[in-house]
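Here is how the chains run, residue by residue.
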Amino acid sequence: MPWCPKCRSEYREGFTECADCKAALVEELPPVEEKKLGFVCRTAARGTDPFADGRFTAEDQPVLLLGLEDEDETLRLCELLDSCHVPAFPIRREGERMLEEERTEEGEFPAYVEIAAEDLPDLPEDESDDWYDQMMAEAESPYEIYVPTFAFERALSLIEEDEAAQNEKVGEETDGSETAEA
């Protein structure tokens, strides 16, 4: 059976290229080294692109998969992705949020687009007023996981499967504690 040397996915006979990575398939994969990689969160200033240095091609360019509040959970999910042969890059954000553009001159701020109040979307009536704070809190997560562009869809499905499994586990624990109390 052919294999992708990049993401290590197996294909049926007759396929010659990986659908995700676009890499040429090989008949045998090299053995995986058994050493534990371990993950360490790189530090990056808030509001900056930690991968803007031009080292990556368009298909390898890391993109944001998920923002998290907890370092242990971030590292657990990176290990999950790695166990499924999806490269993961954890980032720890620090400092104040940077402006999208630099200041034009000393003390001057860049131009901005003014949005008229009537152009803002209406909130559903059942939506609470703290929606903006919640959205900004999610956008300002101190930990982020990036994955290469070619692996984004696979990584997203793995995270969704893990979340479903975690929710199911919590549901089983809740059902067990209710039964014990009855």
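Note that the coordinates shown come from a computational prediction; the quantities given were computed from them, not determined experimentally. (Residues numbered from 1 in each chain as written. Predicted model: local features only at pLDDT ≥ 70, side-chain atom pairs only at ≥ 80, totals over all residues. Heavy atoms only, no water.)

Visitor: Describe the side chain of E144, listing the residues and the values that go with them.
Guide: Examined against the element boundaries, E144 turns out to sit in strand β4 (residues 143–148). Residue classification places E144 among the buried positions, given a relative accessible area of 8%. Here Y146 takes part through its side chain, which lies 3.1 Å from a polar atom of the side chain of E144. The residues touching E144, leaving out its near neighbours within four places in the chain, are L64, L66, G67, T74, F89, P90, I91 and R93. (Helix = DSSP H or I, 4+ residues; strand = E, 2+ residues; numbered from the N terminus. Buried < 20%, exposed > 50% of the residue type's maximum accessible area, 1.4 Å probe, protein only. Polar contact = N/O pair within 3.5 Å; in protein donor to acceptor, adjacent residues only side chain to side chain. Contact = heavy atoms within 4.5 Å.)

Visitor: Describe the sheet that holds strand β2 (residues 62–68), listing the residues and the values that go with them.
Guide: Pairing is mixed in the open sheet, where four strands are placed in the order β1-β3-β4-β2. Because the sheet does not close on itself, it has two edges, and the strands there are β1 (42–45) and β2. This sheet shows a mean twist of 35° between the axes of neighbouring strands, independent of strand direction. In the sheet, strand β3 (residues 89–94) pairs with β4 via four bridges, with the strands oriented antiparallel. Paired with I91 across the two strands is E144, which belongs to β4. The strands touched by helix α1 (residues 71–83) are β2, β3 and β4; relative to β4, the strand with the most contacts, the crossing angle is about 15°. (Pairing = 2+ DSSP bridges. Axes fitted to C-alpha atoms, helices over the stretch in contact; angles between N-to-C directions.)

Visitor: Before we move on, can you summarise the pattern of salt bridges with the specific residues and values?
Guide: Applying the stated criterion to the full structure yields four salt bridges. R76 serves as the salt-bridge partner of E73, at 2.9 Å between the closest nitrogen and oxygen. Of this pair, E73 and R76 both sit in helix α1, three residues apart, which is roughly one turn of the helix. Take R76: its relative accessible area is 28%, and that puts it in the partly exposed class. Between E94 and R92 there is a salt bridge, with its nearest N and O atoms 3.2 Å apart. A relative accessible area of 39% places E94 in the partly exposed class. Shared partners join several salt bridges into a network, and the residues in it are E73, R76 and D162. (Salt bridge = Lys/Arg side-chain N within 4 Å of Asp/Glu carboxyl O.)

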